[in-house]
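Residues per chain, in single letters:
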Amino acid sequence: MPDNVFPLDSTQPFTAQAVTGHNRWHPDIPAAVHVKPGESFRLDCREWFDGAIKNDDSADDIRDAPMDIVHALSGPVAIEGAKPGDLLIVDILDVGPIPQEEGPLAGQGWGYTGIFAKKNGGSFLVDQFPDAYKAVWDFSGGTATSRHVPGVSFTGIVHPGLMGTAPSKDLLGKWNTREAALIATDPNREPPLALPPEPQGAILGSLSDAEFDRVASEGARTAPPRENGGNQDIKNLTKGTRVFYPVFVDGANFSVGDLHFSQGDGEITFCGGIEMGGFVDISVDLIKGGMDTYGVSENAIFQPGNTAPQYSEWLAFSGTSVTLDGEQRYLDSHLAYQRACLHAIDYLAKFGYSPEQAYLLLGAAPIEGRFSGVVDIPNACATVYLPTAIFDVDISPSSNGPTQIDPGIGAPHSAF
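Residues numbered from 1 in each chain as written. Predicted model: local features only at pLDDT ≥ 70, side-chain atom pairs only at ≥ 80, totals over all residues. Heavy atoms only, no water.

Undergrad: How should helix 6 (residues 355-364) be read in this particular structure?
TA: Along an α-helix, a turn takes 3.6 residues, which lines up residues three or four apart on a common side. The buried count for helix 6 comes to nine of 10 residues, which makes it a mostly enclosed element. Residues Glu356, Gln357, Ala358, Tyr359, Leu360, Leu361, Leu362, Gly363 and Ala364 constitute the buried set of helix 6. Residues of helix 6 that are buried make contact with strand 7 (110-115), strand 8 (132-140), strand 10 (154-155), strand 17 (270-275), helix 5 (333-349) and strand 22 (381-387). (Buried < 20%, exposed > 50% of the residue type's maximum accessible area, 1.4 Å probe, protein only. Helix = DSSP H or I, 4+ residues; strand = E, 2+ residues; numbered from the N terminus. Contact = heavy atoms within 4.5 Å.)

Undergrad: So what exactly am I meant to see when it comes to the pairing of strand 11 (residues 159-165) here?
TA: Across a regular strand the side chains alternate sides, sitting on one face of the sheet and then on the other. Counting buried residues along strand 11, seven of its seven residues qualify, which places the element largely inside the surrounding structure. With two bridges joining them, strand 11 and strand 14 (residues 229-230) adopt antiparallel strand pairing. Across the sheet, Gly164 pairs through a bridge with Gly229, a residue of strand 14. (Pairing = 2+ DSSP bridges.)

Undergrad: Is there a simple way to explain the domain arrangement of the protein chain in this structure?
TA: For interface size, the figure often reported is the accessible area lost on association. By domain assignment, the protein chain separates into domain 1 (3-303) and domain 2 (314-410). Relative to domain 2, the C-alpha centre of domain 1 lies at a distance of 27 Å. Here domain 1 and domain 2 share an interface that buries about 2600 Å² over both sides, 68% of which is from carbon and sulfur atoms. At the junction of domain 1 with domain 2, the criterion picks out one salt bridge. Two residues, Glu368 and Lys235, come together in a salt bridge whose shortest N-O distance is 3.4 Å. The tally of links from domain 1 across to domain 2 stands at 19 residue pairs in polar contact (both at pLDDT 80 or more). Of all the secondary-structure elements, those providing two or more residues to the side of domain 1 that touches domain 2 are strand 7, strand 8 and strand 17. Looking at the side of domain 1 that touches domain 2, the element that brings in the most residues is strand 8, giving four residues. (Domains from an automatic or database assignment. Buried area = accessible area lost by both parts, 1.4 Å probe. Salt bridge = Lys/Arg side-chain N within 4 Å of Asp/Glu carboxyl O. Polar contact = N/O pair within 3.5 Å; in protein donor to acceptor, adjacent residues only side chain to side chain.)

Undergrad: Quick question: what am I supposed to make of helix 2 (residues 169-184) here?
TA: Here helix 2 contains 16 residues, and its C-alpha end-to-end distance of 22 Å stays within 8% of the 22 Å for a straight helix at 1.5 Å per residue. For helix 2, the complete set of buried residues consists of Leu171, Leu172, Trp175, Glu179 and Ile183. Relative to the axis of helix 2, the buried residues are bounded by an arc of 100° and lie together on one face. Opposite the packed face of helix 2, turned more than 90 degrees from it, sit the exposed residues Lys169, Asp170, Lys174, Thr177 and Ala184. Where helix 2 is buried, its residues touch strand 2 (24-25), helix 3 (209-218), strand 12 (220-221) and strand 13 (225-226). (Expected span 1.5 Å × (residues − 1). Arc of directions from axis to C-beta.)

Undergrad: Honestly, the nonpolar core in this entry has me stumped. Any pointers?
TA: Across soluble globular proteins, nonpolar side chains show a tendency to be buried alongside one another. The biggest cluster of nonpolar side chains holds 79 residues, and the ones touching the most others in it are Ile79, Leu88, Trp137 and Leu361. Ranked by the residues each element gives to this core, the list is headed by helix 5, at nine residues. A domain split of this core shows at least three residues from each of domain 1 (3-303) and domain 2 (314-410). (Core = buried A, V, L, I, M, F, W, Y, C linked by side-chain atoms within 4.5 Å.)

Undergrad: When you look at the side chain of Asp258 in this model, what are you seeing that I'm missing?
TA: Here Asp258 lies in strand 16 (residues 254-260). Although Asp258 is buried, it forms no salt bridge, and the closest oppositely charged side chain is Arg46 at an N-O distance of 12 Å. At a separation of 3.3 Å, a polar atom in the side chain of Asp258 contacts the side chain of His260. Each residue touching Asp258, except ones within four places of it in the same chain, is listed here: Trp48, His71, His159, Pro160, Gly161, Leu162, Asn231, Asp233 and Glu275. (Lys, Arg positive; Asp, Glu negative; His and termini not counted.)

Undergrad: Where do I start with the sheet that holds strand 15 (residues 242-246) in this structure?
TA: Where strands meet in a sheet, backbone hydrogen bonds hold them as pairs that are either parallel or antiparallel. Taking strand neighbours across the sheet as the criterion, the six strands line up as 1-4-18-6-15-19 in an open arrangement whose pairing is mixed. Two strands close off the open sheet at either side, each with one partner strand: strand 1 (4-6) and strand 19 (301-303). Averaged over neighbouring strand pairs, the angle between their axes works out to 35° when direction is ignored. Relative to strand 19, strand 15 runs antiparallel, the two being bridged by three bridges. Across the sheet, Arg242 pairs through a bridge with Gln303, a residue of strand 19. (Axes fitted to C-alpha atoms, helices over the stretch in contact; angles between N-to-C directions.)

Undergrad: I'm lost on a nonpolar patch on the surface in this one. Help?
TA: A cluster of nonpolar side chains, namely Phe371, Val374 and Val375, defines an oily patch on the protein surface of about 310 Å² accessible area. Topologically, Val374 is positioned in the loop between strand 21 (368-373) and strand 22. (Patch = residues over 30% accessible without salt bridge, like charges linked within 9 Å, V, L, I, M, F, W, Y side chains within 5 Å. Areas by Shrake-Rupley, 256 points an atom, 1.4 Å probe, with all protein chains shown as cover.)

Right, dumping it as structure tokens:
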């Protein structure tokens, strides 16, 4: 096993660890760890809300989730010799839940999926699902099951939702300027168009006093993906993946977090993967001058891992860029994917699932999402593929009609 350079004590909060991580992007957050090219190492990772979400039958914690503290990131890791313009090679050697532990912290044998309320971030289908819901998933032998979404089980496709390098001062300025301009177009929108810098809840490694206050007032929130990678939530970044990140600062200052036991394409419920704490084993190397050599001036490129499950049988749903009210939109791929997801939810409801249970399942299970047509005016076409093997019953259409499942206790619900 590689040396653990970022150990975490599950009994202590993220801010009380021997080494402190961070939850904002900024070039002046000091490196917590230093490694050399070619080295392999382990980083423990805390669940993105640092234990705020509980293994219970209430969704109040999802409704009231403290958005100002996310994401709890392990790092920054400085790589010796890394310079702006290089490409940082990150190999994911292994990734999993917290080893050999059971307890109240997500990752200790369980994880969760949440539909976020419209007043606290919302989700991909926020207009249809404005309230908070939760599903808790138990892990056993690499398989996830849930008392809140019965009748399904699937093997985890474990991956980090968030990895990235630190931005330069100029790049950070571009982020804050363009996102502030977007917010200004509708400053009172719910959910908001973007999240501006927020000093409250900031965790900034070893910074203190005036330097902490300055960086806290400037640091970019970690919610979206950006040119540095960030919160891309790509479910295929599994064990065996190689990622090439652009380097913007000396040392690269790489960070990782937001581990998922599983996830569907799009992480559509916002807290859409099965969230957990755990570990990731990584090896790093450099391609000197690689950003120019390969034309990778922004955004990572990657070679995905070839990790099970490799499902082979699917039931797929399509959607086009026409609103629920019948309004035609021009090649709106976002809307088309929403409609495909809603068609899948309507279909699963015929088998006895509540719409909320079906929605949570689409966020957590390894569904495939695709833009299938983006040129045939006026309609874009998107598709959602459900792996049929995860269900206890046959969900294929037949002359016998849908087999009814027992929905159990249902998904916990909480409204403002």
